[in-house]
Amino acid sequence: MTHCVITGAADGIGRALAGRFARTGVSVVGVDVDADRAAQTRVDLERKGGTVSFVVADLGTEEGIDRAVEALCGGPAIDVLVYNAGISAVGRFPEVRIDRQRAVIDLNLTAPMVLTAELLKADQLAPGATLVFVSSLSHFVSYPGAAAYAASKTGLASYARSLSAALADLHVLTVFPGPTRTAHARRYSPDNSREHRRMPPEALADRIYRAVVARKRVLIPGVGNRVFATLGLWFPRVTEWAMRRAILDQLNKSAG
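Criteria and cut-off values
Residues numbered from 1 in each chain as written. Predicted model: local features only at pLDDT ≥ 70, side-chain atom pairs only at ≥ 80, totals over all residues. Heavy atoms only, no water. Patch = residues over 30% accessible without salt bridge, like charges linked within 9 Å, V, L, I, M, F, W, Y side chains within 5 Å. Areas by Shrake-Rupley, 256 points an atom, 1.4 Å probe, with all protein chains shown as cover. Salt bridge = Lys/Arg side-chain N within 4 Å of Asp/Glu carboxyl O. Lys, Arg positive; Asp, Glu negative; His and termini not counted. Charge placed at Lys NZ, Arg CZ, Asp CG, Glu CD. Helix = DSSP H or I, 4+ residues; strand = E, 2+ residues; numbered from the N terminus. Buried < 20%, exposed > 50% of the residue type's maximum accessible area, 1.4 Å probe, protein only. Pairing = 2+ DSSP bridges. Contact = heavy atoms within 4.5 Å. Axes fitted to C-alpha atoms, helices over the stretch in contact; angles between N-to-C directions. Core = buried A, V, L, I, M, F, W, Y, C linked by side-chain atoms within 4.5 Å. Parallel < 35°, antiparallel > 145°, perpendicular 65-115°, else oblique. Left-handed = near helix turned anticlockwise from the far one by under 90°. Nonpolar A, V, L, I, M, F, W, Y, C, P; charged D, E, K, R; others polar.

(A) Main features of a negative patch on the surface. On the surface, Asp-58, Glu-62, Glu-63, Asp-66 and Glu-70 cluster together into a negatively charged patch. Relative to the helices and strands, Glu-70 resides in helix 3 (residues 62-73). Judged by relative accessible area, which is 63%, Glu-70 ranks as exposed.

(B) Summary view of the sheet that holds strand 6 (residues 171-175). Spatially, 7 strands are ordered 3-2-1-4-5-6-7 in an open sheet, and the strand pairing comes out parallel. A strand with exactly one partner marks an edge of an open sheet, and here the two such strands are strand 3 (51-56) and strand 7 (218-219). As paired strands, strand 6 and strand 7 are joined by 2 bridges and run parallel to one another. Across the sheet, Thr-174 pairs through a bridge with Val-218, a residue of strand 7. Along the sheet, helix 6 (residues 147-166) makes contact with strand 5 (125-134) and strand 6, crossing strand 5 at roughly 155°.

(C) Local environment of the nonpolar core. Ile-6, Phe-21 and Ile-208 are the most contacted members of the largest nonpolar core, which totals 30 residues. Elements represented by at least two residues in this core include exactly strand 1 (3-7), helix 1 (12-22), helix 2 (35-47), strand 3, strand 4 (78-83), strand 5, strand 6 and helix 8 (201-213). Beyond its immediate chain neighbours, meaning those up to four positions away, Ile-208 contacts Leu-17, Val-132, Leu-173, Val-175 and Leu-219. Ile-78, Ala-111, Ala-129 and Leu-131 belong to the second largest nonpolar core, which has 29 residues in total.

(D) Focus on the side chain of Gln-101. Note that Gln-101 resides in helix 4 (residues 98-121). Taking relative accessible area as the criterion, Gln-101 reaches 12% and is therefore assigned buried. Excluding residues that lie within four positions of it along the chain, Gln-101 makes contacts with Phe-93, Val-96 and Ala-148.

(E) Structural view of helix 1. By the criterion of burial, helix 1 is predominantly enclosed, with 10 of the 11 residues buried. Listed as buried for helix 1 are Gly-12, Ile-13, Gly-14, Ala-16, Leu-17, Ala-18, Gly-19, Arg-20, Phe-21 and Ala-22.

(F) Looking closely at the side chain of Arg-20. Position of Arg-20 relative to the elements: it lies in helix 1. Discounting residues that sit within four places of it in the chain, Arg-20 has contacts with Ala-205, Asp-206 and Tyr-209.

(G) Region of interest: the environment of Gly-60. Assignment of secondary structure puts Gly-60 in the loop between strand 3 and helix 3. Put simply, Gly-60 and Ile-105 are 45 residues apart on the chain and 8.5 Å apart in space, counted from C-alpha to C-alpha.

(H) Molecular detail of unusual backbone geometry. Of note, the phi angle at Asp-123 is positive, near 55°, even though the residue is not glycine. The phi angle at Arg-215 is positive, at roughly 55°, despite the residue not being glycine. Relative to the elements of secondary structure, Arg-215 occurs in the loop between helix 8 and strand 7.

(I) The packing of helix 4 against helix 6, seen in detail. In the contact formed by helix 4 and helix 6, the axes pass within 8 Å of each other and the chain directions differ by 15°. Of the possible angle classes, the one that applies to helix 4 and helix 6 is roughly parallel. Every pair of crossing elements has a handedness; the one defined by helix 4 and helix 6 is right-handed. Residues Gln-101, Val-104, Ile-105, Asn-108, Leu-109, Pro-112, Met-113 and Thr-116 of helix 4 form the contact with helix 6, whose own contacting residues are Ala-148, Tyr-149, Ser-152, Lys-153, Gly-155, Leu-156, Tyr-159 and Leu-163. The residue makeup of the contact of helix 4 with helix 6, split by class, is 10 nonpolar, 5 polar and 1 charged.

The structure is reproduced here in structure tokens:
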């Protein structure tokens with residue numbers, strides 16, 4: 001494992017992943033829309049001895065995907081490709097603008113599918129390469145108040161599973177994180193009063209790195225998240241009630 005590509009690598013989980021892989025001597029290429037934050041992340045990680053570069057591209061657009069594909073195909077074969085970039089659209093469903101919902105689908109689901117197809121076509125993935133798809137715990141427990149996000153992440157998990165079955169020569173890992181202590185979570189959560197209980201992105205990144213090395217196919221990081229996911233499978237009404245109370249009811253209070 002010598003070359004790793006991470007989407008959404010300028011901040012949050014992606015930045016933590018870039019640091020975790022770079023720490024082992026892996027050359028990291030990040031793909032991110034935020035040029036300023038990407039530049040700062042590169043400087044910070046290189047100060048720690050990592051080899052990090054960035055492709056600045058908006059993967060929510062065709063032009064951005066084309067730019068990323070061109071840049072990545074001009075580099076070395078990819079050993080690990082992590083699809084981490086994501087956005088959300090939170091609110092009472094009838095009030096969330098359709099263009100915001102489409103943007104969520106475009107970045108969270110369409111971009112990984114198109115990028116994967118293009119990189120496979122260009123034979124840019126190294127033999128035995130690992131594809132990591134960062135889905136969400138919402139796949140198991142629902143996400144009232146962010147239906148487009150939940151749909152995109154469940155779609156991503158289904159795509160990853162089908163890809164794994166079709167491409168036996170590649171390793172596919174699907175990650176289902178729960179609440180993580182990032183600016184992304186803070187931005188979209190209606191209640192950050194328990195932010196300290198969320199998993200630090202560095203802890204999540206370490207678990208993902210170890211799952212890549214162990215060539216696991218599924219990762220639900222954290223005992224509490226695994227318990228909640230199991231409840232979602234066997235007692236979906238219970239987790240739906242809990243999620244509705246934690247998110248949708250809070251949104252309704254804010255709107256009221």
